[in-house]
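The chain contents come next:
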Amino acid sequence: MKNLTRIFMLLCLICFLVVNIFAQNDPIRPGPVTGGTGSAALSAAEEFRFGVHAYNRFSYNEAILSFERALSFRPGEPLILDWLGRAYYRSGFEETAVRQWRAALDIYGRNTGVGMLLGARIETVTNRRFLLPIANDGVRYVGSGRFPGNLEEIIYYRQPTSVLPNNDGSVWVVAYGSNEIVRIDVNGRIRERRRGPLNGFDRPYDIVRGLDGRLYVSEYRGSRVSILSSNGEWLAYIGSRGLGPGQFIGPQHLTIDEDGYLFVVDYGNRRISKFDPDGAFILSFGLRSAVFPGVLSPTGITAGNGRIFIADNSAKAIYMFDPNGNYLGRLAAEGLIGPESLRFLSDGTILAADGNRILQIEPDTAIVRELGLAGGQRVRITGADMDKNGNIVAANFNESEVNIMTRFDDLASGFFVQIRNVDASKFPRVIVELTVEDRLRRPIMGLDNNNFLITEGGIPVADQVLYTLDPGADISLLVERSETSARFRDDFTAASRDINRALQEMGNSKVVSVISAGTQPRRERHENSLENAVRGSGEINSARWRFDLGLRLAATDLLTAAPKRSVVYIGSGSLGDMAFEQYSLSEMTAYLANNGIVFNAIIIGNAPVSAGIEYLCRETGGKAEHLYRPRGIGELIKSVAETPCGLYSFTYNSRLPTDFGRAWLPVEAEVYLMERSGRDNTGYFAPLE
């Protein structure tokens, strides 16, 4: 009798909670229900719970089926529509996701709290077009923050002259006045100070990063260049004071070209000197000749697309040279005030500091566009670059501070925050994973626990802890099994060896799966021999091979992998006639990008790389490299671990009642950084007791 009473009370409680879930009308919870019976509501609640659990296990197809069944019991229920949209979004079907969200928005109402949040999500997904940090979208940059060098009488650093962004969102700042370099995080806190060898830096001026990660710092008064390790430890000197080859008088700006050579602006000698990565002198150029008037006051320098660009402050011009010092002509000579710093950006344009102005220069057309102003006319920007969060970071020498400039549209739109996963398997201990991006899908790097507020039902959790993610990287290899690739089996073997070698050097990284993309994709056993798995038998090569099915399987294998993950395609670069027979290019791109998977390509043979490969690489932050390029493909594999990742994971102890695992438990996340913010809300179910 006691058991029957308990069961009856439990059923009553379940019904009460079901009604509570699907009938609340506050800004955070779902709106009113427009139909259905108690039995239907109970069935919908069960299917909904199954769907949420499947979603949090990354089983998106299963989640979609459960949410569809729940809707069959409760048509028009906005909470279910919202979650169905989330599952479609993560599956790569963005148009379908937006349709579900719009249906939910019509029911919630656009003026409710949840409606405004859902409306912002729809707008972001609909308008998003780019991924990488680019500056050519016609948007003005405005001041969004500053890292002051002092607070009243407390001196943090003095007279910054240059900045160098890091992958974690922080920046190295060269402090000329206090003889040091300091690493400042996104919140403006100094994390490290480096003052060089025992005798210290002697007026450091500029800083650049070599291809191997080492840092180079010019010392203006010391007339030398210091070589530092990737984390700022001093290693050696390059050059000394003098007029001879490889000597300097007041070296200032630096750059590294595509081959790793170091170029130093020797201001006092009015020339540019070129060195190999270890500091061996190669040549000097920039002096007066029959075809070149000579640099008068050389300042900024940058390298890209096989050219060296040099700013002349006195001539108010930018000159072009080839890597051997041969003069190629003027890039820009009109409208400049006093050009100093030059930086080559990932989109192929040059970011230039010109007095208090930040300019964007197109190297091929010489078009100059003003991006923004970093203060009044008395401001002097000696160094500027774009950080990993898409902001312009500018060294303001006169004001002794670093200025942060952000797109005006980004300030207005805020962050795109998504709670990606909730793990309540060890309830009351809860793990929440979320991503923070801007409107262009670029990850926001370098946030810490103080930038986040996690709440349950609007009440802040008491023990919110941001924990460090696994630093490793996981990759899934997608091997083309076309008729063309059948003759590349030896090349596939060579590629697998290079990949294996790079992973061993990286440490804490692995191959998750090897997928043969034939007429039907299949997983190859690779645990004992990666070479054999990649090489294949040749029996499944076919003209009807399916790139889309293989890519889908390779990406699915990475859903539960390390936060930094990549599908690495190995093939001819030509995708064949059936490449997107079932899944379109846009759907596959969205599936990768919405799950934080980078697409990289290793091209074998001499065929042109297809537009589909280039698009996938560009839109997910990857790149395509030929197998037998001079520097090999090791850099491509290692870049997976270096790719920015805007994923953050938190743990906390929940204090909400679970109703034996059947209660809907709400969770919200808010993110704040300087003048920008963003939020998302979701919910979860504890395990059934």
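Residues numbered from 1 in each chain as written. Predicted model: local features only at pLDDT ≥ 70, side-chain atom pairs only at ≥ 80, totals over all residues. Heavy atoms only, no water.

Novice: So, the sheet that holds strand 20 (residues 339-344): which residues are in play, and what are the values?
Specialist: With antiparallel pairing, the four strands of this open sheet are ordered in space as 20-21-22-23. Each having just a single partner strand, strand 20 and strand 23 (368-373) make up the two edges of the open sheet. Along the sheet, successive strands turn relative to each other by an average axial angle of 25 degrees, direction set aside. Across four bridges, the pairing between strand 20 and strand 21 (residues 350-354) is antiparallel. The partner of R343 across the bridge, within strand 21, is L351. (Pairing = 2+ DSSP bridges. Helix = DSSP H or I, 4+ residues; strand = E, 2+ residues; numbered from the N terminus. Axes fitted to C-alpha atoms, helices over the stretch in contact; angles between N-to-C directions.)

Novice: Can you break down the pairing of strand 23 residue by residue, with the values?
Specialist: One ladder, built from five bridges, connects strand 22 (residues 357-361) with strand 23; its direction is antiparallel. Residue pairing in the sheet places Q360 in a bridge with R369 of strand 23. The antiparallel hairpin formed by strand 22 and strand 23 contains six residues in its connecting segment, where A366 sits at a positive phi of about 65 degrees.

Novice: Describe the sheet that holds strand 24 (residues 381-386), listing the residues and the values that go with them.
Specialist: If you walk across this open sheet you meet the four strands as 1-26-25-24, and the pairing is antiparallel. In the strand order of this sheet, the two ends are held by strand 1 (141-148) and strand 24, each with one partner. Neighbour-to-neighbour, the strand axes of the sheet open up by a mean angle of 25 degrees, direction not taken into account. Here five bridges tie strand 24 to strand 25 (residues 392-396), and the two strands are oriented antiparallel to one another. Bridge pairing in strand 25 links I381 to N396.

Novice: I'd like to hear about the pairing of strand 6 (residues 180-184), residue by residue, with values.
Specialist: Counting buried residues along strand 6, five of its five residues qualify, which places the element largely inside the surrounding structure. Judged by which residues are buried, strand 6 turns out to be covered on both faces: E180, V182 and I184 on one side and I181 and R183 on the other are all buried. When strand 5 (residues 171-175) meets strand 6, the two strands line up antiparallel, connected through five bridges. For V174, the partnering residue across the bridge sits in strand 6 and is I181. Turn length for the strand 5-strand 6 hairpin, with the two strands adjacent in sequence and antiparallel, is four residues, and the turn residue N179 shows positive phi of about 55 degrees. With four bridges connecting them, strand 6 and strand 7 (residues 190-194) associate as antiparallel partners. By the bridge assignment for strand 7, I184 is matched with I190. Between the end of strand 6 and the start of strand 7, which pair antiparallel, lie five residues, with G188 showing a positive phi angle near 85 degrees. (Buried < 20%, exposed > 50% of the residue type's maximum accessible area, 1.4 Å probe, protein only.)

Novice: Before we move on, can you summarise the pattern of salt bridges with the specific residues and values?
Specialist: Applying the stated rule across the entire model yields 50 salt bridges. The closest approach of N and O atoms between R195 and E180, which form a salt bridge, is 3.2 Å. One end of the pair, R195, is in the loop between strand 7 and strand 8 (204-209); the other, E180, is in strand 6, and 15 residues separate them in sequence. Residue classification places E180 among the buried positions, given a relative accessible area of 2%. R618 is the salt-bridge partner of E619, the closest N and O atoms lying 3.7 Å from each other. Linked through salt bridges whose partners overlap, the residues forming this network are D259, E625, R629, R631 and E635. (Salt bridge = Lys/Arg side-chain N within 4 Å of Asp/Glu carboxyl O.)

Novice: So what's going on with the environment of G335? Which residues, and what values?
Specialist: Structurally, G335 can be placed in the loop between strand 19 (327-332) and strand 20. Through-space distance from the C-alpha of G335 to that of I350 is 16 Å; in sequence the pair is 15 residues apart. Non-local contacts of G335, meaning those with residues more than four positions away in its chain, are made with D354 and R357. (Contact = heavy atoms within 4.5 Å.)

Novice: Report on helix 4 (residues 78-90), specifying residues and quantitative values.
Specialist: Taking 1.5 Å of rise per residue, the 13 residues of helix 4 would be expected to cover 18 Å, and the 18 Å separating its terminal C-alpha atoms lies within 8% of that figure. Burial within helix 4 is extensive, with 13 of its 13 residues counted as buried. Two or three places before L79, at the start of helix 4, stands the capping residue E77, its side-chain oxygen 3.2 Å from that residue's backbone nitrogen. Once helix 4 finishes, G92 follows within two positions and takes phi at roughly 95 degrees, a positive value. (Expected span 1.5 Å × (residues − 1). Polar contact = N/O pair within 3.5 Å; in protein donor to acceptor, adjacent residues only side chain to side chain.)

Novice: Report on the side chain of N166, specifying residues and quantitative values.
Specialist: Here N166 lies in the loop between strand 4 (160-165) and strand 5. The exposure class assigned to N166 is buried, which follows from its relative accessible area of 9%. Once residues lying within four places of it in the same chain are set aside, the contact partners of N166 are V171, W172, R183, R209 and K388.

Novice: Could you give an account of helix 6 (residues 113-127), naming the residues involved and the relevant values?
Specialist: For helix 6, which comprises 15 residues, the first-to-last C-alpha distance of 21 Å matches the rise-based estimate of 21 Å (1.5 Å per residue) to within 8%. Listing the buried residues of helix 6 in full gives G113, V114, G115, L117, L118, R121, I122, T124 and V125. In the core, the buried residues of helix 6 are packed alongside helix 4, helix 5 (94-108), strand 27 (416-426) and strand 40 (676-684).

Novice: Please provide a residue-by-residue account of the environment of K388, values included.
Specialist: Within the secondary structure, K388 sits in the loop between strand 24 and strand 25. Taking the C-alpha atoms as reference points, K388 and N508, separated by 120 residues in sequence, lie 24 Å from one another. Dropping the residues within four chain positions of it, K388 is found in contact with N166, N167, P443, M445 and P644. Within polar-contact distance, the side chain of K388 engages the side chain of N167 at 3.5 Å.

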